[in-house]
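Report on the structure
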Amino acid sequence: MPGAETLDFRSLYAFSNTVAYVLSAGAADKSKLFRTDDGGLHWSLLYTSPDSFLDSLKFWDLQHGIILGDPVGDSFVILTTADAGKTWQRRSLPTSLPDEGGFAASNSSLSVRGKQEAWFGTSGARVFHTKDGGATWTVAQTPIRHDSKSAGIFSLFFRDAKHGIAVGGEYTKAKEDQHNIALTSDGGKTWTEPTTRPAGYRSAIVCQAKQCVATGPDGSDISHDAGQTWTHLDAPGFHALTLAGHVVYASGSDGRLAPLHN
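Here's a quick rundown of the structure. (Residues numbered from 1 in each chain as written. Predicted model: local features only at pLDDT ≥ 70, side-chain atom pairs only at ≥ 80, totals over all residues. Heavy atoms only, no water.)

1. A short note on the environment of A151
Inclusion rule: A run of H or I in DSSP becomes a helix once it reaches four residues, and a run of E becomes a strand once it reaches two; helices and strands are each numbered from the N terminus. By definition in these notes, contact holds between two residues if any of their heavy atoms fall within 4.5 Å.
Along the chain, A151 falls in strand 13 (residues 151–158). In contact with A151, other than residues within four places in its own chain, are F103, S123, R145, H146, G169 and E170.

Right, dumping it as structure tokens:
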């Protein structure tokens, strides 16, 4: 990949063994989108951001995708494609809060479902929601802590149109578990804290039916009731999670990759 040694790759989205996208994070022209069609042997540069730090990348299907970027001026940057990433359309959004942004650590501050629906979480502990592919948005506040620039929502997962979970906290204080999770049962209009919570800051969450796994640098947790109660796993901490079939795979520091079992 040309120039790869100078880029910071934080977001990976794979469709198959051959087709995948990778997003580099950074200011201005360091934020780039690449695609491979041969399993990573060759990569094509599809997009270079002129002004925004790009945080997360997701696709609804092979042709339709969405990218979240940090605010420029007073609005978040949302890009959408209808041709598999060859061209991107910039969307307008509601006003961002002062110093509000997204987090790029796990490529999961952005969640999509169906053909046009998407949500994203912010450092202001707010969740933005679109039902029309990014043309219009609503926004809701969550109870997740956002008392510093290193706190807020780091990961979102929606198991259907109504039920979602947001996790995060303060990433410089990995063991603190105050206000690190919120649940919604109305599609993101309102958010509440559950009965118990994960045992620290959490950077990623995935669910299969009502079984959910959350992880962060200090450890991992599992819920069997869609996030209402949590049990700490005998597993190390990780940064990112992905669901492949019935297995949750985790990636972390020092090149660690592992399946997480309950």
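2. Concerning the packing of aromatic side chains
Filter applied, for reference: Think of it this way: a Phe, Tyr or Trp ring, Trp meaning its six-membered ring, pairs with another when their centres are within 6.5 Å, and the plane angle makes it stacked under 30 degrees, edge-to-face over 60, tilted otherwise. Burial status follows relative accessibility: with a 1.4 Å probe on protein chains alone, a residue under 20% of its type maximum counts as buried, one over 50% as exposed, and anything between as partly exposed.
Applying the stated criterion across every chain yields a total of 14 aromatic pairs. When the centroid spacing of 4.6 Å and the interplanar angle of 5° are considered together, the rings of F120 and F128 count as stacked. Aromatic side chains F154 and Y201 sit 4.9 Å apart centroid to centroid with 75° between the ring planes, which places their arrangement in the edge-to-face category. Residue F154 is located in strand 13, and its partner Y201 is located in the loop between strand 15 (181–184) and strand 16 (204–208); the two are separated by 47 residues in the primary sequence. Both residues of the pair, F154 and Y201, belong to the buried class. Linked through ring pairs, F15, Y21, F59 and W88 together constitute an aromatic cluster.

3. Here's the deal with the pattern of salt bridges
Condition: Put simply, a salt bridge is a Lys or Arg side-chain nitrogen that is within 4 Å of an Asp or Glu carboxyl oxygen.
Here the structure, examined in full by the defined rule, presents nine salt bridges. A salt bridge links D37 to R35; the nearest nitrogen and oxygen atoms lie 2.7 Å apart. Owing to a relative accessible area of 46%, D37 belongs among the partly exposed residues under this scheme. For R35, a relative accessible area of 17% translates into the label buried. When the shortest N-O distance is used, the salt bridge between R90 and D51 registers 3.2 Å. In this pair, R90 is assigned in strand 8 (residues 89–91) and D51 in the loop between strand 4 (44–48) and strand 5 (54–59), connecting sequence segments 39 residues apart. Several salt bridges converge on common partners, so that one network encompasses R145, D147 and E176.

4. Considerations on unusual backbone geometry
If you check the backbone angles, A209 has positive phi at about 55° while not being a glycine. Even without glycine at this site, A226 takes up a positive phi of about 60°. Among the structural elements, A226 can be located in the loop between strand 18 (219–223) and strand 19 (231–232). Given the relative accessible area of 14%, A226 is considered buried.

5. Regarding the environment of I144
Assignment of secondary structure puts I144 in the loop between strand 12 (138–141) and strand 13. Along the backbone, I144 and D218 are 74 residues apart, and their C-alpha atoms lie at a distance of 18 Å.

6. What to know about the nonpolar core
Rule in force here: Among buried residues, those of type Ala, Val, Leu, Ile, Met, Phe, Trp, Tyr and Cys that are joined through side-chain atoms within 4.5 Å constitute a nonpolar core.
Within the largest apolar cluster, 13 residues are counted, with the highest numbers of intra-cluster contacts made by L33, L57, I67, L79 and W88. Listed by contribution, the elements that provide at least two residues to this core are strand 2 (20–25), strand 5 and strand 7 (75–81). Top contributing element to this core by residue count: strand 5, with three residues. Ignoring any residue separated from it by four or fewer positions in sequence, one finds I67 in contact with L23, L33, L54, S56, L57, V77, I78, L79 and W88.

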